[in-house]
Amino acid sequence: MNTRARRAEAVVNPLVQEIRHNPLLWLLILVPVVVAAQLLNPEAHTLLFVLSVLAIVPLAALLSRATESVASMTGDMIGGLLNATLGNLTELIIALAALRVGQYVLVKASIAGAIVTNALFMLGMSFLIGGLKHHVQEYNQNSARLQAGLLFVATIAMLIPSMLGEVDSAATTAEFTQTLSMGLAVLLIGLYGLGLLFSFKTHREFFGSADHAASGELHWPLGLALGTLAGVTVLIALVSEVFVESVQQAATALGIAPAFVGFIIVALVGGAAEMVSAFSAARKNRLDLSVGIALGSAAQIALFVAPVLVLASYVIGPTPMNLQFWPGAVAMILIATMAASLMTNAGRSAWFVGALLTAVYVIFAMTLYLMPPRVQ
């Protein structure tokens, strides 16, 4: 029994030491505070909104640390996919919670916002943060091209029903739009699966990480890293439920436009875990991991999360949801995709490239804050 206790202590000790020596992780105490506040005063929407946002920050940092440990054993490409998947699980849970109560405006805004945030803000800030420390950084351009290509196809799938609904509304019935959206959802999920098969199986030799110097940082045991990933994901999902229930009322109380809430705030909060990982990897000159997280997450949302939400709306939503977005959202997604594709074409990056991508994102954020688009 003593031997088992020692082994368990040896496995968990790195996590305890990390929490003890990282003041940011002390904010984990806010997780039970959020739950208690939700139970004691569920009508305090502004307070719950602020507490839930603050509680997600240390959870994101912990998720980042665990993901880096897994990536050190599996490689940056698999590590990036793992981080994107777990990070998008948070966004999927947020969207499902909104879907269940019929908040389709929030769902669509969060989908579009997550794609734009990952392709512009997360990628741009990774280039900026990494470039300020390492002057010039390199990464595998084949992987970036693949993710940008997948994202472009998904953008076309969102553009068609949105464009038809605007241009020829008399000839496009709700039944036609819904049937088209369902078919496109199935197609996109299949395409995402083919992309994984292509990059991890049939042509994996083209997608290896660029060589980087070892950071010298001690990584957690695989069991601890995977256990932490699972536990933190559950906690983020729990806090996200509180966030979804409070965000709309809090935004109204604070005078924030609904489109800005879905497109910017929900996307930033939902992608907090991925951003911490991407920024940390960029500072450590592991830009393959950063690019994999940013573009991989954007592609996964467009080709997997959005279609899953369309299909799930038939089961848990008041009415089926389609892929018809308002024109401004589609335009922003298309511009973000083209900008990310253009900036990652060379396989090399410096801080000014990141500044350019981030500036495009700021333009979108300012526009939505000052003049929200008309939502369908």
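Quick note: structure is the one above.
**Student:** How do you make sense of helix α10 (residues 272–283) when you look at a structure like this?
**Tutor:** Three- or four-residue spacings in an α-helix give side chains the same orientation, since the helix completes a turn every 3.6 residues. With 12 residues, α10 extends 17 Å between its outermost C-alpha atoms, agreeing within 8% with the 16 Å of an ideal straight helix rising 1.5 Å per residue. Those residues of α10 lying buried are Ala272, Ala273, Glu274, Met275, Ser277, Ala278, Phe279, Ser280, Ala281 and Ala282. Once α10 ends, the next one or two residues include Asn285, with phi positive near 60 degrees.

**Student:** When you look at a nonpolar patch on the surface in this model, what are you seeing that I'm missing?
**Tutor:** Together, Phe152, Val153, Ile156, Ile160, Met163 and Met338 make up a nonpolar patch on the protein surface, roughly 490 Å² of accessible area in all. Examining the composition of the nonpolar patch, we find that five residues originate from one element, helix α6 (residues 141–167), more than from any other. Turning to its location among the elements, Met163 is positioned in helix α6. For Met163, a relative accessible area of 38% puts it in the partly exposed group.

**Student:** Would you explain the packing of helix α5 (residues 104–134) against helix α9 (residues 258–270) in this entry?
**Tutor:** Pairs of packed helices are described in terms of their axes, by the angle between the two and the distance that separates them. Their axes nearest at 7 Å, the elements α5 and α9 cross at an angle of 60 degrees. One way to sum up the angle between α5 and α9 is to call them oblique. Crossing angle aside, the handedness with which α5 passes α9 is right-handed. Along the contact surface, α5 presents Leu106, Ala109, Ser110, Ala112, Gly113, Ala114, Val116, Thr117 and Phe121, while α9 presents Gly262, Phe263, Val266, Ala267 and Leu268.

**Student:** What is the right way to look at the nonpolar core in this model?
**Tutor:** The nonpolar side chains of a soluble globular protein tend to be buried with one another. Counting residues in each nonpolar core, the largest one holds 116 residues, and the members touching the most others are Ile111, Ile115, Val116, Phe243, Phe263 and Leu309. If sequence neighbours within four positions are ignored, Ile111 has contacts with Met158, Ile301, Ala306, Leu309, Met321 and Phe325.

**Student:** What's the story with the packing of α5 against helix α12 (residues 327–343) in this structure? I'm lost.
**Tutor:** Packing of α5 against α12 leaves a shortest axis separation of 9 Å and a crossing angle of 30 degrees. As far as their axial angle goes, α12 and α5 are roughly parallel. Note on packing geometry: the crossing formed by α5 with α12 is left-handed. Between α5 and α12, the residues in contact are Ala112, Ile115, Val116, Ala119, Leu120, Leu123 and Phe127 and Ala329, Met332, Ile333, Ala336, Ala339, Ala340 and Met343, respectively.

The rules behind the values
The numbers attached to residues start from 1 for each chain and follow its sequence in the written order. The model is predicted, so local features are restricted to residues of pLDDT at least 70 and side-chain atom pairs to those at 80 or more, both for listing and for counting; the totals for chains, interfaces and linings are taken over all residues. By convention in this description, side-chain values take in all heavy atoms of the structure and omit both hydrogens and water. Secondary structure counts use DSSP, requiring at least four H or I residues in a row for a helix and at least two E residues in a row for a strand, with both numbered from the N terminus. Every helix has an expected span of 1.5 Å times one less than the residues it contains. Relative accessible area decides the class of each residue, using a 1.4 Å probe on protein chains only: under 20% of the type maximum gives buried, over 50% gives exposed, and in between gives partly exposed. Residues enter patches when their relative accessible area tops 30% and they take part in no salt bridge; the joining distance is 9 Å for like charges and 5 Å for the nonpolar side chains Val, Leu, Ile, Met, Phe, Trp and Tyr. What sets the accessible areas is the Shrake-Rupley method with a 1.4 Å probe; for residues, cover comes only from the shown protein chains. Whenever a carboxyl oxygen of Asp or Glu lies within 4 Å of a side-chain nitrogen of Lys or Arg, that contact is scored as a salt bridge. Fitted lines through C-alpha atoms serve as axes, helices being fitted only where they are in contact, and the angles separating the N-to-C directions of these axes extend from 0 to 180 degrees. Throughout this description, any angle smaller than 35 degrees is read as roughly parallel, any larger than 145 degrees as roughly antiparallel, any in the 65 to 115 degree range as roughly perpendicular, and the remainder as oblique. In this scheme, a crossing is called left-handed if the near helix is turned counterclockwise away from the far one by less than a right angle; it is called right-handed if the turn is clockwise. Working rule for contacts: check all heavy atoms of both residues, and any pair within 4.5 Å makes them a contact. Grouping buried Ala, Val, Leu, Ile, Met, Phe, Trp, Tyr and Cys residues that are joined through side-chain atoms within 4.5 Å yields what is termed a nonpolar core.

By themselves, these figures tell us nothing about what the structure is for.
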